[in-house]
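Reading the structure
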Amino acid sequence: NDLLISGDLEVDGNAYFDGTTNFVTASASLFYAGNGTAASPSFSFRADQDTGMWRPTTNTLALSTLGVERFRIDSAGRVGIGTTAPTTMLEVQGTASASHLLTTGGLQVAGGASVSYSRFGTATTGHSLAAASDLLLSGNLEVDGNAFFDGSASISSRLEIGGTASVSGALSVGGVINTTAIGTAAAPAIALSGTTTGFYTTSGILAVSVGGSAKLGINTDGAFDLNSGGAVYWRDNATWISGTRDTGLSRISAGLIGVGTGSAASFAGSLKLTDLTALGNIGIGTTTPLTKLEVQGTASASHLLTTGGLQVAGGASVSYSRFGTAATGHSLSVASDLLISGMLEVDGQAYFDGSASVSTNFEVSGFASASKTFGSGLTDCDVTSTSKLLWDATTGKFSCSTDQTGGGSGSALQIKEGLTNIL
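All values derive from a computational prediction rather than experimental measurement. (Residues numbered from 1 in each chain as written. Predicted model: local features only at pLDDT ≥ 70, side-chain atom pairs only at ≥ 80, totals over all residues. Heavy atoms only, no water.)

**With respect to the confidence of the model for the protein chain**
- Averaged over the protein chain, the pLDDT score is 77; the fraction of residues at 70 or greater is 72%.
- Below pLDDT 50 for its whole length, residues 407-412 participates in six contacts with residues either more than four positions away or in separate chains.
- Here residues 414-423 is a poorly scored stretch, pLDDT under 50, and it has 14 contacts once near neighbours within four places are set aside; other chains count. (pLDDT = per-residue confidence, 0-100. Contact = heavy atoms within 4.5 Å.)

Following this line, the structure appears as structure tokens:
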């Protein structure tokens, strides 16, 4: 029952081989089959003829089951599962699962074209990602557990955290950070790891807590609020965190602020240059200014201009200018009037364009000239009968009278323009 065919064998119907078929001749160990189809593969099984292998097109191999193509290798060696046109070396259209996924190159999710870096989506990097270990997420990221960033994190849009986020490096957010927690000064909603220093909110105010105590608030109107013991300091070098506080601004008491220089200790003590009171008074060298500007110490200026009066040697001003605190006895009233409570020394010349009234003695160590006299009781002394100027010791005044005769010696005052002699 053995059959040897030395020539060709053509079978136009079906051929069934119930045993093993061997092709052992080296020059003729080839078996050619028709192209086949998914429903009728070229190589199939007698009991399952719609399952097998076939040739869908040139240089392409396909596998089908139940008459449907399931697997294809195209002419470029690309393998497609669930697709007839794979674009990568392995493309699965459908769900793929594995106990582990290992790749020496990048990972591409939700896209058909790979790049040098890993990505979810098909967007391209805007931050110079280049290596397979770099990852670009084109969509949203939800982390229900903890998230750790050992380097810097830069976020240009929103960051929403429902749990805890721990960042050992820098976190830069260009958009919005949302947290459902409100927090308190003792337990800030956003805090430095392991500390009670951070941010929280209260009554719409963004507050800063340091060591569990409220220090700074940013109000709804944009104003910065310091607590009652807060202060603003400047330090003395570029490495400010370790530098000495050399200038500061602090609240001394209710309605009173101060500006100081020196170390932190001296500023906290008595060294205060300026105090702004609730009245709006400014004091330099004093904590209790009585006027809008009070300087306890020496003040200098290249010019001093004032539209009101001048007050020297006194702490309360009046409508007229004055040296001292005495009140006027001659109806001074405007800023250009001047009262001198003390003495006046004029080493040069003095000019009085109006009247000058001296209530006590008027002493002149040089010459004195006057075009008229007032209040001396004198009349015109050029009449012959009363042409003499006499001194009356009783009244202390000169008077016009007739010549007096008598013996004895005496003195007379001769007054003449440009000349004074004792006769």
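**As for the pairing of strand β19 (residues 213-218)**
- When strand β18 (residues 205-210) meets β19, the two strands line up antiparallel, connected through five bridges. Note that in β19 the partner of Val-210 across the bridge is Ser-213.
- Here β18 folds back onto β19 in antiparallel fashion, the turn holding two residues, of which Gly-211 has a positive phi close to 65°.
- Two strands pair when backbone bridges link them, and β19 and strand β20 (residues 224-226) are joined in this way by three bridges, in the antiparallel orientation. The residue of β20 that forms the bridge with Ile-218 is Phe-224.
- The antiparallel pairing of β19 with β20 creates a hairpin that spans five residues between the two strands, and Gly-222 there sits at a positive phi of about 90°. (Pairing = 2+ DSSP bridges. Helix = DSSP H or I, 4+ residues; strand = E, 2+ residues; numbered from the N terminus.)

**Things to note about the pairing of strand β17 (residues 198-202)**
- Relative to β17, strand β16 (residues 190-191) is paired through two bridges, and the arrangement is antiparallel. Paired with Ile-190 across the strands is Phe-199, a residue of β17.
- As paired strands, β17 and β18 are joined by five bridges and run antiparallel to one another. Its bridge partner being in β18, Thr-202 is matched across the sheet by Ile-205.
- Hairpin geometry of β17 and β18 is characterised by an intervening segment of two residues between the two adjacent antiparallel strands and by a positive phi of about 55° at Ser-203.

**Quick word on the sheet that holds strand β5 (residues 79-81)**
- Pairing in this open sheet of six strands is mixed, and the strands run β1-β2-β3-β4-β5-β6 from one edge to the other. Because the sheet does not close on itself, it has two edges, and the strands there are β1 (43-45) and β6 (90-92). Each strand axis lies, on average, 20° off the axis of its neighbour in the sheet, ignoring direction.
- Across three bridges, the pairing between strand β4 (residues 68-73) and β5 is antiparallel. Bridging from a neighbouring strand, Arg-72 pairs with Gly-80 of β5. (Axes fitted to C-alpha atoms, helices over the stretch in contact; angles between N-to-C directions.)

**Focus on the pattern of salt bridges**
- Using the criterion set out here, one finds two salt bridges in the structure.
- With its nearest N and O atoms 2.6 Å apart, the salt bridge here joins Arg-72 to Glu-69.
- Salt-bridge contacts for Asp-74 lead to Arg-78; the nearest nitrogen and oxygen are separated by 2.9 Å.
- On the basis of relative accessible area, Asp-74 is assigned to the buried category, the value being 14%. (Salt bridge = Lys/Arg side-chain N within 4 Å of Asp/Glu carboxyl O. Buried < 20%, exposed > 50% of the residue type's maximum accessible area, 1.4 Å probe, protein only.)

**Regarding the side chain of Arg-72**
- Along the polypeptide, Arg-72 turns up in strand β4.
- Exposure remark for Arg-72: the relative accessible area of 12% places this residue in the buried category.
- A distance of 2.6 Å separates polar atoms of two side chains, one belonging to Arg-72 and the other to Glu-69.
- Aside from chain neighbours lying at most four places away, what touches Arg-72 is Pro-56, Thr-60, Leu-61, Ala-62, Arg-78, Val-79, Gly-80, Thr-83 and Thr-84. (Polar contact = N/O pair within 3.5 Å; in protein donor to acceptor, adjacent residues only side chain to side chain.)

**Comments concerning the sheet that holds strand β28 (residues 321-323)**
- The three strands lie next to each other as β27-β28-β29, forming an open sheet whose pairing is parallel. Edge strands, defined here as strands with exactly one partner in the open sheet, are β27 (311-312) and β29 (338-340).
- Where β27 lies against β28, two bridges are found, and the strand directions are parallel. Along β28, the bridge assignment pairs Gln-311 with Arg-322.

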